[in-house]
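# Notes for the structure review
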Amino acid sequence: MPELPEVETTRQGLAPHLHGRQIAEVVLRRPDLRWPIPREIALQLPGERILAVQRRAKYLLLETAAGAAVVHLGMSGKLSVLPPSTPVRPHDHVDIRLLGRGGRVDAVLRFNDPRRFGCLLWQPLGTVHPLLQTLGPEPLSEAFNADYLFQRSRGRRAPVKTLLMDQRIVVGVGNIYATEALFAAGVSPARAAGRIGHVRYDRIAQEIQRILRKAIQRGGTTLRDFLAPDGVAGYFAQELSAYGRGGKPCQRCGRALRQTVIANRSTVWCVDCQR
DNA sequence: AGGTAAACCTGGACGC
DNA sequence: TGCGTCCAGGTTTACC
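For every chain, the first residue of the written sequence is number 1, and numbering continues from 1 along that sequence. In the order they appear in the text, chains get letters beginning with A and ligands get numbers beginning with 1. Where local features are concerned, this predicted model is filtered to residues with pLDDT of at least 70; where side-chain atom pairs are given and counted, the filter is 80 or more; whole-chain, interface and lining totals use all residues. In computing side-chain values, all of the structure's heavy atoms are included and hydrogens and water are not.

### Concerning the overall build of chain A
- Counting its regular elements, chain A contains seven helices and ten strands.
- At 20 Å, chain A has a C-alpha radius of gyration in line with the 19 Å of a compact globule built from 275 residues.
- Taking the principal axes of the C-alpha coordinates as reference, chain A spans close to 60 × 35 × 30 Å.
- To sort residues, take the accessible area from a 1.4 Å probe on protein chains only and compare it with the maximum for the residue type: under 20% means buried, over 50% means exposed, and anything in between is partly exposed. Counting over 275 residues, chain A shows a buried share of 51%.
- Should any heavy atoms of two residues lie within 4.5 Å, those residues are considered in contact. Contacts in chain A between residues at least 24 apart in sequence constitute 65% of all its contacts with a sequence separation of at least 6. Strands here are runs of E lasting at least two residues and helices are runs of H or I lasting at least four, both read from the DSSP assignment and numbered beginning at the N terminus. Only the C-alpha atoms count toward the radius of gyration. The rule for a globule is 2.2 Å times the residue count to the power 0.38.

### Examining the sheet that holds strand β2 (residues 52–56)
- Whether two strands pair depends on DSSP finding at least two bridges between them. Ordered by their spatial adjacency, four strands build an open sheet running β2-β3-β4-β8, and the pairing between neighbours is antiparallel. Edge positions in the sheet fall to β2 and β8 (119–124), since each has one partner strand and no second. Across this sheet, the average inter-strand angle for adjacent strands is 25°, counted without regard to direction.
- Pairing of strand β3 (residues 59–63) with strand β4 (residues 67–72), which is carried by five bridges, proceeds in the antiparallel orientation. Its bridge partner being in β4, Leu60 is matched across the sheet by Val71. Here, axes are lines fitted to C-alpha atoms. For helices the fit covers the stretch in contact, and angles between N-to-C directions go from 0 to 180 degrees.

### Focus on helix α7 (residues 198–217)
- Expected helix span is computed as 1.5 Å times (number of residues minus one). For α7, spanning 20 residues, the distance from its first C-alpha to its last is 29 Å, which sits close to the expected 28 Å at 1.5 Å a residue.
- Taken as a whole, α7 has its buried residues at Tyr201, Ile204, Ala205, Glu207, Ile208, Gln209, Ile211, Leu212, Ala215 and Ile216.
- Each element contacted by the buried residues of α7 is listed here: α1 (4–18), α4 (146–153), α5 (160–165) and α6 (175–185).
- Where α7 terminates, the next one or two residues include Gly219, which has phi positive at roughly 80°.

### What about the packing of aromatic side chains?
- Between the rings of Phe, Tyr and Trp (Trp by its six-membered ring), a pair exists once the centres lie within 6.5 Å; its type follows the angle of the planes, with under 30 degrees stacked, over 60 edge-to-face, and the other angles tilted. All chains considered together, the criterion is met by one aromatic pair.
- Measuring from ring centre to ring centre gives 5.9 Å for Tyr177 and Phe236, while their planes differ by 40°; the resulting arrangement is tilted. Within this pair, whereas Tyr177 is found in helix α6, its partner Phe236 is found in the loop between α7 and β9 (258–262), the two being separated by 59 residues in sequence. Note on accessibility: Tyr177 and Phe236 belong to one class, buried.

### Topic: the packing of α6 against α7
- As a packed pair, α6 and α7 sit with axes 8 Å apart at the nearest point and diverge in direction by 125°. Comparing their axes, α7 and α6 come out oblique. Every pair of crossing elements has a handedness; the one defined by α6 and α7 is right-handed. Side by side, α6 and α7 meet where Tyr177, Glu180, Ala181, Leu182, Ala184 and Ala185 of the first sit next to Arg203, Ile204, Glu207, Ile208, Arg210, Ile211, Leu212 and Ala215 of the second.
- Here the residues of the contact of α6 with α7 sort into ten nonpolar, no polar and four charged. Working rule for angles: under 35 degrees goes down as roughly parallel, over 145 as roughly antiparallel, 65 to 115 as roughly perpendicular, anything else as oblique. Note on convention: the crossing is left-handed when the near helix lies turned anticlockwise from the far helix by less than a right angle, right-handed when the turn is clockwise. Each residue receives one of three labels: charged for Asp, Glu, Lys and Arg, nonpolar for Ala, Val, Leu, Ile, Met, Phe, Trp, Tyr, Cys and Pro, and polar for the others, Gly being one of them.

### A look at the packing of α1 against α7
- The interhelical angle for the contact between α1 and α7, taken along N-to-C directions, is 40°, at an axis separation of 9 Å. In terms of crossing hand, the pair formed by α1 and α7 is right-handed. Counted together, Leu4, Pro5, Glu8, Thr9 and Gln12 of α1 and Leu212, Ala215 and Ile216 of α7 form the full contact between these two elements.
- The residue makeup of the contact of α1 with α7, split by class, is five nonpolar, two polar and one charged.

### Quick look at the protein's contact with DNA strand B
- For DNA strand B, the full set of nearby residues is His91, Pro114, Arg115, Arg116, Phe117, Arg156, Arg157, Ala158, Pro159 and Asn264.
- At the protein interface, 57% of the atoms of DNA strand B within 4 Å belong to sugar or phosphate.
- Here a polar contact means two N or O atoms within 3.5 Å. Within protein one must be a hydrogen donor candidate and the other an acceptor candidate, and residues neighboring in sequence count only if both atoms are side-chain atoms. In the environment of DNA strand B, a phosphate oxygen lies 2.9 Å from a nitrogen or oxygen atom belonging to the backbone of Ala158.
- Grouping the constituent residues of the surface near DNA strand B by class yields four nonpolar, two polar and four charged. For this description, a residue counts as near a given molecule or strand if any of its non-hydrogen atoms is within 4 Å of it.

This is how it looks when you write it as structure tokens:
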């Protein structure tokens, strides 16, 4: 489900409900998601306070004095803050129960993930989980710019879309936003990354940043089922120009958008406007 | 090493 | 209504 804007929307929605709260208990209804949930989640979290809710790439980190719970939503994961009495539904895999002022559990952070491509991992204080060690720069940071993309793309024959979706190159950009940024930049997603010049990478970097920022403003993209923790849908979907519009007219030139598969992912672009 | 395809899993949409 | 097929916002893993 989520790319950077959806994960950031989730973070912003969760933070006010979680910040400073003490964890009473962790309920694991299913011991494994994509990977087994480590014992430390149930052993270390109870009693700790959530000091911050951070995001790195598409991972969310619930930071405590002992370490951080690391959550990835995969394709279908959702986090919600709910009253503790909320009935459990299918695929509600984990509850983190939170204490209120009266010392009683008065809210629960619930992780639901039908496809179980998501994960819940433990990162001891002062360490970086191995999955986070190979990640590239944040796309909204200074480190991500035309110089960087140009340098990392040299010698690469794979399509530029594949490069942009490689989390070792830059994090947070998935199928929707790679498709949209390349449309906006006028660059064909199929073009070999190493055969694109500095000027066009400047455009690509700027469009990625512009589109991600706007999508965050809009609360992310809701295609089927993405909801922020407060249940509100993201409304960037209405601004998509290419993703999901295969066969429909290009908004710039009117010609039908082409849809193919690049690196196993469905890809839409305009053969006239993107070169 | 870089590049590609399969694998993981469930549910919804669609065609017959 | 039911069944088979295809598709989906991600990422690792195995293999050329």
